[in-house]
Amino acid sequence: MRSLNGAAIPPAPEVIAPDASLLPEWRTLVLSRFALFGVFALFIAFGWSTVSWGLYAVVFGLASVSYGLARCADPARQLWTNRFCLLVDVCVLGLVIRGSGGGASPFAALVYLWLFAVVLLHLRRGQIAPLPLFASVALVVLALSSWGDPHWIAALAAQAGRLALASMLGWAFLRERSRARVDPLTDVLHRSAGVEGLQELIRQDQPFTVAFIDLAGFKGINDNFGHVAGDEVLKAVAGRLSHAVRAGDIVMRYGGDEFVVASKLAALPERLEATLATPLRTSAGTLPVHADVGAVRWRPGDTLETLLSSADAAMYQRKRQRYGERGYAEPVSTPLQQRPAGVA
């Protein structure tokens, strides 16, 4: 492996490829959902359900369309497949409710369990935005499955209130979860959450770049200007790194003055070095930032450990290129402009 900065990186250990004859997990999930429709078609054919073939065809068509939309919205296999399966599940559930009494069906309560499954799906990612959308889907399913029932409007209003309450509880739960994934000082992902994100990127089996960033001379900032100024530098660096990449990319504080960024953007190390080239304004004055960036491109077969160690090795190679071999004589930051006392 060779870093994007030109440094030679030790080759990754050989990884045994998975058996290609095994059915991929994503394909198993998709086919199993269409199998559910096949089973329900048998129920209709044998007269075990009062659902009409017309309604069945409409729901089957909606599920098929949702398959395509979910895949186009997020080409990462794991997420779009799980979302598709959730949509198919609620469509089949709507058919079951329709064929077992409509709004009075005891299966209507399963819609709330389905919404809880949506919360669990987005729990690891800490995503909040899709929850209202899925709650709206649940309401539409309940409305269609109970269409024509006596007092339909009143019953639907009650269901809407319950779904709104469930959504608010789920939203609060996801919000607390997202806060737990963030480093309290820098407001980017902490190490554990960032590593989880990297593992998910590897599972998606799509190329991306990992950059390891080390702030050279940061100890001198703490020693000379105090930990308050040091914290301000860390916050500013984290903010600049976040703005240099896309919203869905990974920016994490790996530890101390080290950060890791993962993105599919081109020329990632150059973007990061450019965004950190401008001095930072702190309570101790305007301080220059000396950051060393080592970046490597993920290749099929690379493990998480190999990827991080290679990026770290690229970063140290970058240090050697800048400061030489004698202990990495890192620069000491001195204020370019002293800020007046009392100005934050």
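Keep in mind it's a predicted model, so treat the numbers as computed, not measured.

S.K.: Residues and numbers for the overall build of the protein, please.
M.R.: The helix and strand tally for the protein stands at 11 helices and 6 strands. By residue count, 43% of the 344 residues in the protein fall in the buried class. Contacts in the protein between residues at least 24 apart in sequence constitute 70% of all its contacts with a sequence separation of at least 6. Carbon and sulfur atoms make up 63% of the accessible area of the protein, which totals about 17,700 Å².

S.K.: So, the environment of Leu163: which residues are in play, and what are the values?
M.R.: Mapped onto the elements, Leu163 comes out in helix α6 (residues 152-180). Leu163 gets classed as buried once you look at its relative accessible area, which sits at 3%. Sequence separation of Leu163 and Ala135 is 28 residues, and the distance between their C-alpha atoms is 6.5 Å. What Leu163 contacts, discounting residues up to four positions off in sequence, is Tyr112, Leu115, Ala135, Ala138, Leu139 and Leu142.

S.K.: Could you give an account of the packing of aromatic side chains, naming the residues involved and the relevant values?
M.R.: Applying the stated criterion to the full structure yields 2 aromatic pairs. Ring centres 5.8 Å apart and planes at 10° place the aromatic pair Phe208 and Trp298 in the stacked group. With Phe208 in the loop between α7 (191-204) and β1 (209-216) and Trp298 in the loop between β6 (290-297) and α11 (304-323), this residue pair connects regions lying 90 residues apart in the sequence. According to the relative accessible area criterion, Trp298 is buried, its value standing at 5%.

S.K.: Mind laying out the pattern of salt bridges, listing which residues take part and the relevant values?
M.R.: Evaluated as defined, the whole model comprises 8 salt bridges. With a shortest N-O distance of 3.4 Å, Arg253 and Asp183 are connected by a salt bridge. Here the residue Arg253 occupies a position in strand β2 (residues 250-255), and Asp183 occupies one in the loop between α6 and α7, the gap between them amounting to 70 residues. Residue classification places Asp183 among the buried residues on the basis of a relative accessible area of 11%. With a shortest N-O distance of 3.3 Å, Arg246 and Asp249 are connected by a salt bridge. Given a relative accessible area of 42%, Arg246 falls into the partly exposed group. Look at Asp249 and you get buried, because its relative accessible area is 15%.

S.K.: Lay out α11 in plain terms, naming residues and giving numbers.
M.R.: Helix length check: α11 (20 residues) gives 29 Å between terminal C-alpha atoms against 28 Å at 1.5 Å per residue, within 8%. Taken residue by residue, α11 has Leu304, Thr306, Leu307, Leu308, Ser310, Ala311, Ala314, Met315, Lys319 and Tyr323 as its buried positions. The elements touched by buried residues of α11 are α7, β1, β2, β3 (258-263) and β6.

S.K.: Summarise the sheet that holds β3; cite the residues concerned and give the values.
M.R.: Taken in spatial order, the 4 strands make up an open sheet running β2-β3-β1-β6, and their pairing is antiparallel. The open sheet has two edge strands, β2 and β6, and neither has a second partner. Within this sheet the neighbouring strands show an average axis-to-axis angle of 20°, counted without direction. Sheet topology note: the β1/β3 ladder contains 6 bridges and is antiparallel. Within the sheet, the bridge partner assigned to Val210 lies in β3 and is Ala262. Strand contacts of α11: β1, β2, β3 and β6, with the helix running at about 135° to β6, the strand carrying the most contacts.

Basis of the calculations
Residues numbered from 1 in each chain as written. Predicted model: local features only at pLDDT ≥ 70, side-chain atom pairs only at ≥ 80, totals over all residues. Heavy atoms only, no water. Helix = DSSP H or I, 4+ residues; strand = E, 2+ residues; numbered from the N terminus. Buried < 20%, exposed > 50% of the residue type's maximum accessible area, 1.4 Å probe, protein only. Contact = heavy atoms within 4.5 Å. Areas by Shrake-Rupley, 256 points an atom, 1.4 Å probe, with all protein chains shown as cover. Phe/Tyr/Trp six-rings, centres within 6.5 Å; stacked < 30°, edge-to-face > 60°. Salt bridge = Lys/Arg side-chain N within 4 Å of Asp/Glu carboxyl O. Expected span 1.5 Å × (residues − 1). Pairing = 2+ DSSP bridges. Axes fitted to C-alpha atoms, helices over the stretch in contact; angles between N-to-C directions.

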